[in-house]
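Commentary on secondary and tertiary structure
Letter by letter, the chains look like this.
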Protein chains: 2
Amino acid sequence: MRATYEALIEHGYENLTIQRIGDEFPKSKSLIYQHYDGKDEVLVELLEFLLDHFEAQMPKPVGGNAHDCLRTMLDYVLAPEPDTERVELTKVMVELRGQAPHNETFEAYFTANDGRFRRSLADIVERGIEEGVYRPVDADAVAEFLLTTISGGTVRRATAADAVDIVAVRDEVDAYLDARLLRDDAA
Amino acid sequence: MRATYEALIEHGYENLTIQRIGDEFPKSKSLIYQHYDGKDEVLVELLEFLLDHFEAQMPKPVGGNAHDCLRTMLDYVLAPEPDTERVELTKVMVELRGQAPHNETFEAYFTANDGRFRRSLADIVERGIEEGVYRPVDADAVAEFLLTTISGGTVRRATAADAVDIVAVRDEVDAYLDARLLRDDAA
């Protein structure tokens, strides 16, 4: 996975070959050929590996209600100054996502991945409703909206240089949560 | 431009060559070589052409206040059932945007393009404040947020099959506008 990641950063998707992944791999190139049919299969495994790594780094709030939990998640995914490793990882994800319109393997991966993330968001919103912190909103609709905004932030940051004011985006997300979700007596 | 577009849809960015654009071009291949240094230069011109085409199709509300104008724009960019031509165009845009993390030509293009769209959105919000329809919000922050959500919707729809509930996204955008922008006496 490390070899694939290094080769992808160095060459980009377009110029990536199993050969070049092999060049980064200290063991035997034939091991890669034995395990994978082509570069897309390696890359989907890389994406899953990177996503697990990304999720493992996400801070887990101890205690606190659903709203604290949602804010902690948003602080992480819309961080004003992500570290270099995160920036690089995001670029790789966005580049591979750009293959999805013409590549069913990646389309299936990103569809499943979106579904997983949306489910986590909806679970938090549902918990907030149960806790009485949130109004009885449509948790799936809220999750779809939040995921869409987060995806937009991720893609724009990876593709529009330093031109995205992510702090403004985050402030407006908070304004939305305050106005739409938080119960008046919980605000 | 038509030849480039057809070649791009047929081959995808990765497998696109000036040769293949030439194959779609009824006139002489050498004309293309005379005018362009490489495929990225042709593609940026294609993107500008497509965007002008896209903007020309956007309905222009006659009469109505800033809020009517913003809703008309959102109806268009977050349309529940865009026609086949729009779907294809969006896929092309998203695929080329996916090149931006490792391609300065596309990065510069999408950065400028985002800036233009954000400016239009901010202009509408500012007009709404002047008209007394909207509260005195930070128009740039609202525009940044709306653009991010629209971008996320566009990217997700082009890469996650039919898995995006765009109607839910649109409903939550409306809820945000109602709660954050619309003055109580204008609602």
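Just so we're clear, the structure is a prediction, and the values are computed from it rather than from any experiment. (Residues numbered from 1 in each chain as written. Chains lettered and ligands numbered in written order. Predicted model: local features only at pLDDT ≥ 70, side-chain atom pairs only at ≥ 80, totals over all residues. Heavy atoms only, no water.)

**A closer look at the environment of Glu 81 of chain B**
Put simply, the rule reads: Here a strand is any run of E in DSSP of at least two residues, a helix any run of H or I of at least four, and the numbering for each starts at the N terminus. When accessible area is computed with a 1.4 Å probe and restricted to protein chains, residues below 20% of their type maximum are described as buried, those above 50% as exposed, and intermediate ones as partly exposed.
Among the secondary structure elements, Glu 81 of chain B is positioned in the loop between helix 5 (66-77) and helix 6 (84-97). By relative accessible area, Glu 81 of chain B is classed as exposed at 74%.

**Section: the interface of chain A and chain B**
Worth spelling out the cut-off: Two residues qualify as a contact provided that any one of their heavy atoms is within 4.5 Å of a heavy atom in the partner residue. Two parts placed together each lose some accessible area; with a 1.4 Å probe, that loss summed over both constitutes the buried area. By definition, a salt bridge exists where a carboxyl oxygen of Asp or Glu is found within 4 Å of a side-chain nitrogen of Lys or Arg. We call two N or O atoms a polar contact when they sit within 3.5 Å, provided that within protein one can donate a hydrogen and the other can accept it, with sequence-adjacent residues counted only if both atoms are side-chain atoms.
The interface of chain A with chain B comprises 46 residues on the first partner and 46 residues on the second. Both sides of the chain A and chain B interface together cover about 4,000 Å² of buried area, and 57% of this is carbon and sulfur. At the junction of chain A with chain B, the criterion picks out 6 salt bridges. Along the contact surface separating chain A from chain B lie 19 residue pairs in polar contact (both at pLDDT 80 or more). Listed by contribution, the elements that provide at least two residues to the side of chain A that touches chain B are helix 6 (84-97), helix 7 (104-131), helix 8 (139-159) and helix 9 (166-181) of chain A. It is helix 8 of chain A that provides the largest number of residues to the side of chain A that touches chain B, a total of 14 residues.

**Some thoughts on the packing of aromatic side chains**
Given two aromatic rings, one states the distance between the centres and the angle between the planes to describe the pair. Test applied: Aromatic contacts are taken between Phe, Tyr and Trp rings whose centres are within 6.5 Å, Trp giving its six-membered ring; a plane angle under 30 degrees counts as stacked, one over 60 as edge-to-face, and the others as tilted. By definition, being over a ring means that NZ of Lys or CZ of Arg is both within 6 Å of the ring centre and within 35 degrees of the ring normal.
For the structure shown, the criterion picks out 7 aromatic pairs over all chains. Consider the rings of Tyr 109 of chain A and Phe 110 of chain A, whose centres lie 4.9 Å apart with planes at 85°: the pair is edge-to-face. With respect to class, Tyr 109 of chain A is no different from Phe 110 of chain A; both count as buried. Ring geometry for Phe 145 of chain A and Tyr 176 of chain A: centres 4.6 Å apart, planes at 55°, overall tilted. Of this pair, Phe 145 of chain A sits in helix 8 while Tyr 176 of chain A sits in helix 9, and the two are 31 residues apart along the sequence. Side by side, Phe 145 of chain A and Tyr 176 of chain A carry an identical accessibility label, which is buried. What links up through ring pairs into an aromatic cluster is the set Phe 145 and Tyr 176 of chain A together with Phe 145 and Tyr 176 of chain B. The ring centre of Tyr 76 of chain A lies 4.2 Å from the NZ or CZ of Arg 86 of chain A, which sits over that ring.

**What about the nonpolar core?**
Going by this rule: The definition of a nonpolar core used throughout is a set of buried Ala, Val, Leu, Ile, Met, Phe, Trp, Tyr and Cys residues joined through side-chain atoms within 4.5 Å. Where each domain begins and ends is defined by an automated method or by a domain database.
Membership of the largest hydrophobic core comes to 116 residues, with the highest contact counts inside it found for Leu 96 and Phe 106 of chain A together with Leu 96 and Phe 106 of chain B. Formed jointly, this core draws a minimum of three residues from each of two domains, domain 1 (1-57) and domain 2 (61-187) of chain B. Beyond its immediate stretch of four places on either side in the chain, Leu 96 of chain B contacts Leu 8, Tyr 13, Leu 43, Leu 47, Phe 106 and Phe 110 of chain B. The next biggest cluster of nonpolar side chains, apart from the first, holds 6 residues, and it includes Val 94 of chain A together with Val 94, Val 155 and Ala 158 of chain B.

**So, the relation of the copies chain A and chain B**
Put simply, the rule is: Least squares is used to superpose the copies, and the fit set is the C-alpha atoms of residues whose pLDDT is at least 70 in both copies.
Turning chain A through 180° and shifting it by 0.0 Å along the axis lays it on chain B, with an RMSD of 0.0 Å. One copy is carried onto the other by what is essentially a two-fold rotation axis. When each C-alpha of chain A is compared by its distance to the rotation axis, Gly 152 of chain A comes out closest, at 1.7 Å. The residues that chain A uses at the interface reappear at the interface of chain B in 100% of cases, marking a shared surface.

**With respect to helix 7 (residues 104-130) of chain B**
Put simply, the rule reads: Residue count minus one, scaled by 1.5 Å, sets the expected span of a helix.
Taking 1.5 Å of rise per residue, the 27 residues of helix 7 of chain B would be expected to cover 39 Å, and the 38 Å separating its terminal C-alpha atoms lies within 8% of that figure. Here helix 7 of chain B has its buried residues at Phe 106, Tyr 109, Phe 110, Asn 113, Asp 114, Arg 118, Leu 121, Ala 122, Ile 124, Val 125 and Gly 128 of chain B. In this structure, the buried side of helix 7 of chain B is in contact with helix 8 of chain A together with helix 4 (39-57), helix 5, helix 6, helix 8 (139-159) and helix 9 (166-181) of chain B. With a side-chain oxygen lying 3.0 Å from the backbone nitrogen of Thr 105 of chain B, the N-terminal cap of helix 7 of chain B falls on Asn 103 of chain B. Two residues or fewer after helix 7 of chain B comes Gly 132 of chain B, characterised by a positive phi angle close to 80°.

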